[in-house]
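Chain and residue survey
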Amino acid sequence: MTRAIEEGATETREDGTRVLHYVLHLPQPVENVWAAVATSEGLRGWLAAAEVFEPRLGGAVTLRGIGSGRITAWDVERIAEYTVEGRGRIRFHLEPTRPTGTTVRFTHESPESENPGWPRRFERLVAHLASAPDRSAP
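In this report, we go over the structure that sits alongside the text. Keep in mind it's a predicted model, so treat the numbers as computed, not measured.

So, on to unusual backbone geometry. Leaving glycine aside, a negative phi is the common case for residues, and trans is the common case for peptide bonds. The omega torsion of the bond from Arg98 to Pro99 falls at 0 degrees, within 30 degrees of zero and hence cis. Relative to the helices and strands, Pro99 resides in the loop between strand E7 (88–97) and strand E8 (101–110). Phi is positive for Glu77, which is not a glycine, with a value near 60 degrees. Within the secondary structure layout, Glu77 lies in the loop between strand E5 (67–75) and strand E6 (79–84). The exposure class of Glu77 is partly exposed, given its relative accessible area of 36%.

Here you go:
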């Protein structure tokens with residue numbers, strides 16, 4: 001069985017930016033995972049309350065306890081990327097897997113060297129998805 005959360009390589013760029021990579025193997029369909037990572041209701045369920053969330057490229061986003069920024073990439077049910085002031089850029093790239101699962105390729109580019117605790121947050125995401133209604137059902 002494949003682990004649900006795989007930590008990828010960590011790199012530090014010449015400018016000091018730290019880049020973390022993770023791959024998540026989730027049994028839920030893309031629609032459910034998208035709802036969790038790209039809606040204010042979904043983000044509140046596992047990451048942070050989205051006090052401001054404008055779901056479009058360039059839209060504003062404010063995550064309680066994390067910060068404010070912009071949506072810097074947006075391709076519905078495929079890519080959601082948030083750039084948050086002082087916290088860097090977080091990107092969720094969703095890929096459907098057979099028969100009904102989703103692979104999420106996650107990247108966090110940050111000027112901070114401290115560990116932001118993504119594995120713990122992803123465990124909350126997995127629990128949130130397990131209890132969320134199935135959006136792919138007719």
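And the narrative resumes.
Now for helix H1 (residues 30–37). Working note: α-helix, 3.6 residues per turn, so residues spaced by three or four point in the same direction. Extensive coverage of H1 is indicated by the burial of seven of its eight residues. Considered for burial, the residues of H1 that qualify are Val30, Asn32, Val33, Trp34, Ala35, Ala36 and Val37.

So, on to the sheet that holds E6. Ordered in space as E1-E2-E8-E7-E6-E5-E4-E3, the eight strands form an open sheet in which the pairing is antiparallel. The strands lining the two open edges of the sheet, one partner per strand, are strand E1 (5–12) and strand E3 (50–53). With direction set aside, neighbouring strand axes in the sheet form an average angle of 20 degrees. Pairing of E7 with E8, which is carried by nine bridges, proceeds in the antiparallel orientation. When the bridges of E8 are listed, Ile90 appears paired with His108.

Definitions and cut-offs
- Residues numbered from 1 in each chain as written.
- Predicted model: local features only at pLDDT ≥ 70, side-chain atom pairs only at ≥ 80, totals over all residues.
- Heavy atoms only, no water.
- Helix = DSSP H or I, 4+ residues; strand = E, 2+ residues; numbered from the N terminus.
- Buried < 20%, exposed > 50% of the residue type's maximum accessible area, 1.4 Å probe, protein only.
- Pairing = 2+ DSSP bridges.
- Axes fitted to C-alpha atoms, helices over the stretch in contact; angles between N-to-C directions.

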